[in-house]
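So you can see what is in the structure, the chains are spelled out below.
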Amino acid sequence: MARDALDELSKVVPRSIASVGGQPKAATGRTPDRASGRRAVDLLAQVPLFSGLSRRQLRRLADHADTASFRQGETIVEAGQPGGTFYVILQGATKVVRGKRTIDRMAPGDFFGEISLLDGGPRTASVVAETPVVAIRVFKRSFDRLLSQEPAVAAEILAVVAGRLRQAERSVTS
């Protein structure tokens, strides 16, 4: 893809997911690194959505992930846009923006996009890099492939989602 076309595309889609030949590219223009290794597994283990997964299942999930880099000021996800990507921040800081208001800030170990990972629905807020950011990234397509290969992962995640839904329901009725 020509640099001008990539620049135009990155006005609509974050540069980190603009692709050449269908391969995701990091902001540096190179193919993203795999997010394998103990650190990726340890970070994924801290995500409540994945709390029921075994170490082996977490390694399989990490095998379906990569790392992506974002420049300071770059919008990582945009409110209202289709979802389908989940992120765990490895380095840097982000802000969560709804409208013109910052509603939260995130740092290494924080995550976002878990609902979008499950349903592919539109983003409820924008996430903007306040500093250069490096994150583990899981695309819905890779996640769905993992679920089809490992149905037990789907069952574990469903149990976590059901538990969180019950907890939310109790909070509303109390």
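Small disclaimer: the values here were computed from a predicted structure and weren't measured. (Residues numbered from 1 in each chain as written. Predicted model: local features only at pLDDT ≥ 70, side-chain atom pairs only at ≥ 80, totals over all residues. Heavy atoms only, no water.)

**As for the pattern of salt bridges**
- As enumerated under the stated definition, the model contains 6 salt bridges in all.
- With a shortest N-O distance of 2.8 Å, Arg55 and Asp42 are connected by a salt bridge. Placement of the pair is Arg55 in helix α3 (residues 55-63) and Asp42 in helix α2 (residues 38-45), with a sequence separation of 13 residues.
- A relative accessible area of 39% places Arg55 in the partly exposed class.
- Glu150 is the salt-bridge partner of Arg60, the closest N and O atoms lying 2.7 Å from each other. Highlighted residues: Arg60 in helix α3 and Glu150 in the loop between α5 (140-149) and α6 (151-173), separated in sequence by 90 residues. (Salt bridge = Lys/Arg side-chain N within 4 Å of Asp/Glu carboxyl O. Helix = DSSP H or I, 4+ residues; strand = E, 2+ residues; numbered from the N terminus. Buried < 20%, exposed > 50% of the residue type's maximum accessible area, 1.4 Å probe, protein only.)

**Regarding the nonpolar core**
- Ranked by size, the top nonpolar core spans 23 residues in total, and within it Leu44, Phe50, Phe86, Phe143 and Ile157 carry the most contacts.
- When contributions to this core are tallied by element, the ones reaching two or more residues are α2, α3, β5 (85-91), β10 (133-139), α5 and α6.
- Of all the elements, α2 adds the most residues to this core, at 4 residues.
- When neighbours within four sequence positions are excluded, Phe50 is seen to be in contact with Leu44, Leu58, Leu61, Phe86, Leu117, Phe143 and Ile157.
- Judged by nonpolar contacts, the second largest core, of 14 residues, contains Ala68, Phe70, Ile89 and Val127. (Core = buried A, V, L, I, M, F, W, Y, C linked by side-chain atoms within 4.5 Å. Contact = heavy atoms within 4.5 Å.)

**Describing the sheet that holds strand β9 (residues 126-129)**
- What the 4 strands build is an open sheet, ordered β4-β9-β6-β7; its pairing is antiparallel. With one partner strand each, in any of the chains shown, β4 (75-77) and β7 (101-106) form the two edges of the open sheet. With direction set aside, neighbouring strand axes in the sheet form an average angle of 35 degrees. (Pairing = 2+ DSSP bridges. Axes fitted to C-alpha atoms, helices over the stretch in contact; angles between N-to-C directions.)

**Some points on the packing of aromatic side chains**
- A complete count under the given rule lists 5 aromatic pairs for this structure.
- Ring geometry for Tyr87 and Phe112: centres 5.0 Å apart, planes at 20 degrees, overall stacked. Taken together, the positions of Tyr87 in strand β5 and Phe112 in strand β8 (residues 111-112) put the pair 25 residues apart, joining distant regions of the chain.
- Classification of Phe112 as buried rests on a relative accessible area of 8%.
- Taken together through their ring pairs, the aromatic side chains of Phe50, Phe86, Phe111 and Phe143 make up a single cluster. (Phe/Tyr/Trp six-rings, centres within 6.5 Å; stacked < 30°, edge-to-face > 60°.)

**A closer look at the side chain of Glu74**
- As for its placement among the helices and strands, Glu74 is situated in the loop between β3 (66-70) and β4.
- No salt bridge is formed by the buried Glu74; the nearest opposite charge belongs to Arg71, separated by 4.1 Å.
- At 3.0 Å, the side chain of Glu74 forms a polar contact with the backbone nitrogen of Arg71. (Lys, Arg positive; Asp, Glu negative; His and termini not counted. Polar contact = N/O pair within 3.5 Å; in protein donor to acceptor, adjacent residues only side chain to side chain.)

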